[in-house]
Amino acid sequence: MSDSLTRLKRATIFDVAAEAGVSRGTVSRVLNGEPYVSAAAREAIEAAIAKVGYVRNTAARNLAKQSSGAIALIVHEPDSVFIDDPNIGAILLGANAALSSADYQLVSLLIDTDRDSERVTGYLGGGFVDGAIIVSAREGDPISQAIADLRLPAVMIGRPDNQPQLPWVGIDNRGAAREITSRLMATGRRRIGMVAAGLDRDSGRDRLAGFQDALGARFESALVSQQRFYTYAAGVAGMRELLEIAPDIDGVFAASDAVAAGAMETLRSAGRSVPADVGIIGFDDSSWAHRAQPELSTVRQPAGQLGARAAELVLEQVRSGAPTDQGVMLPTEIVWRHSA
């Protein structure tokens, strides 16, 4: 019984010291990478650690340092969108790569309901993370205020008009949408509509504004189908709506590549050819753009770089202990393929 309990009991620094025949202070100096420990003592301690199965208590060490060693990635999307949206995945991977190189852990937190917001707010206030990266923040989102109240280092991906303002990393959605819509107009399309999405956040509003900028006097508000999420299903529904309103529509700007792919499926079902009958453009240059047939003309946004830069800005705040009002704009690129 005694041997069994000994095996189940977690090894401590005292066990290491007893096995190595040294003091607890000497073991601590080795664990903390401090000098002034003889090679013989260091070798004995390392052998003792292996023998007794000692694993350092990271939680206790972080408590002493008043640091969790973790950064939260807060995503305001339903589970289905989180899984299907390749941009969120790229942002996550970019952030994780930057944090991993700094020996930080990424913690993903999803928000879809008010209850989720309350739960996440409580988690952030519990000292479990040193900072946060916020993706897909919406108007009136309480998380930004909670983060400000907690004085937690944070960066938003995008530039929502929330108060209080937080540091951000983003792209010029409006300018990019204007540029690619102008390119579509130059192909000779006469009636151009848009399947807009995400209008409760800056990216969706700015893409719609850029679309309107490009069309100018040719803009028809009736030819804008407003959808909630950047999803394939939104593209299917939005394109059906546009075809009912304007059967002669011959150009479509979809607010994302996933939306564009759904719109293309609706057009196929209606017997319309892309791009012969209807030219379609998307936004993101995600995997949806390459899976579409024909491949999508789209705006390439650096999703992975957005995540990495956001992580770097959060870590800068964590290390300096000082807030920042810095905003960073990353470039986009028009990628013209065969859908328009």
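Our subject is the structure that appears above.
Residues numbered from 1 in each chain as written. Predicted model: local features only at pLDDT ≥ 70, side-chain atom pairs only at ≥ 80, totals over all residues. Heavy atoms only, no water.

## Concerning the overall build of the chain
Stated formally: To qualify as a helix, a DSSP run of H or I must reach at least 4 residues; to qualify as a strand, a run of E must reach at least 2; elements of each kind are numbered from the N terminus. For each residue, the accessible area found with a 1.4 Å probe, counting protein chains only, is set against the maximum for its type, and the residue is called buried under 20%, exposed over 50%, and partly exposed in between. His is not counted, nor are the chain ends, whereas Lys and Arg count as positive and Asp and Glu as negative. Throughout, a charge is located at the NZ atom of Lys, the CZ atom of Arg, the CG atom of Asp or the CD atom of Glu.
Looking only at helices and strands, one finds 15 helices and twelve strands in the chain. The principal-axis extent of the C-alpha atoms belonging to the chain is close to 85 × 40 × 35 Å. Taking all 340 residues of the chain together, 51% fall into the buried category. Within the chain, one finds 34 positive and 41 negative side-chain charges whose respective centroids are separated by 4 Å.

## Topic: the environment of R191
Here is the rule we go by: For this analysis, residues touch if any pair of their heavy atoms sits within 4.5 Å. A 3.5 Å cut-off defines polar contacts: any pair of N or O atoms within that distance qualifies, except that in protein one atom must be a possible hydrogen donor and the other a possible acceptor, and neighbouring residues in sequence count only when both atoms are side-chain atoms.
Within the element layout of this structure, R191 appears in the loop between helix 10 (173–185) and strand 6 (192–197). It is 8.6 Å that separates the C-alpha atoms of R191 and V252, two residues lying 61 residues apart in sequence. Residues contacting R191, with those up to four places away along its chain left out, are E220, L223, A246, D248, I249, D250 and G251. Looking at R191, its side chain comes within polar contact range of the side chain of D248, at 2.8 Å.

## Remarks on the pattern of salt bridges
Here is the rule: Salt bridges are defined by distance alone: a side-chain nitrogen of Lys or Arg within 4 Å of a carboxyl oxygen of Asp or Glu.
A complete count under the given rule lists 17 salt bridges for this structure. Residue R191 is joined to D248 by a salt bridge in which the shortest nitrogen-to-oxygen separation is 2.8 Å. With R191 in the loop between helix 10 and strand 6 and D248 in the loop between helix 12 (232–245) and strand 8 (251–254), the pair connects residues that are 57 residues apart, well separated along the chain. For D248, a relative accessible area of 35% translates into the label partly exposed. A salt bridge links E312 to R309; the nearest nitrogen and oxygen atoms lie 3.2 Å apart. Taken together, the residues span about one helical turn, with E312 and R309 both in helix 15 (residues 303–320) at a distance of three residues. Owing to a relative accessible area of 36%, E312 belongs among the partly exposed residues under this scheme. Here R309 falls in the partly exposed class, since its relative accessible area comes to 22%.

## Examining the packing of helix 2 (residues 13–20) against helix 4 (residues 39–52)
Basically, it comes down to this: Fitting a line to C-alpha atoms yields each axis, with helices limited to the stretch in contact; the angle taken between N-to-C directions then spans 0 to 180 degrees. An angle below 35 degrees is read as roughly parallel, one above 145 as roughly antiparallel, one from 65 to 115 as roughly perpendicular, and any other as oblique. Each crossing gets its handedness from the near helix: less than a right angle anticlockwise from the far helix is left-handed, clockwise is right-handed. Following the grouping adopted for this structure description, the nonpolar residues are Ala, Val, Leu, Ile, Met, Phe, Trp, Tyr, Cys and Pro, the charged ones are Asp, Glu, Lys and Arg, and the polar ones are all others, Gly among them.
Helix 4 packs onto helix 2 with a crossing angle of 120° between their chain directions and a minimal axis gap of 8 Å. One element, helix 2, and the other, helix 4, form an angle in the oblique class. For the pair helix 2 and helix 4, the sense of crossing is right-handed. Each of D15, V16, E19 and A20 in helix 2 lies in contact with helix 4, whose residues at this interface are A44, I45, A48, I49, K51 and V52. Residue composition of the contact of helix 2 with helix 4, grouped by class: seven nonpolar, no polar and three charged.

## Section: the packing of aromatic side chains
Put simply, the rule is: For Phe, Tyr and Trp, rings pair up if their centres lie within 6.5 Å, where Trp contributes its six-membered ring, and each pair is then called stacked (planes under 30 degrees apart), edge-to-face (over 60) or tilted (otherwise).
Taken as a whole and judged by the stated rule, the model has four aromatic pairs. Here F211 and F219 contribute two aromatic rings whose centre-to-centre distance is 6.1 Å and whose plane-to-plane angle is 75°, an arrangement assigned as edge-to-face. Given the relative accessible area of 0%, F211 is considered buried. Measuring from centroid to centroid gives 6.1 Å for F211 and F253, while their planes differ by 35°, and the two rings are tilted. Pair noted here: F211 is in helix 11 (residues 202–215) and F253 is in strand 8, with a separation of 42 residues, a long-range link.

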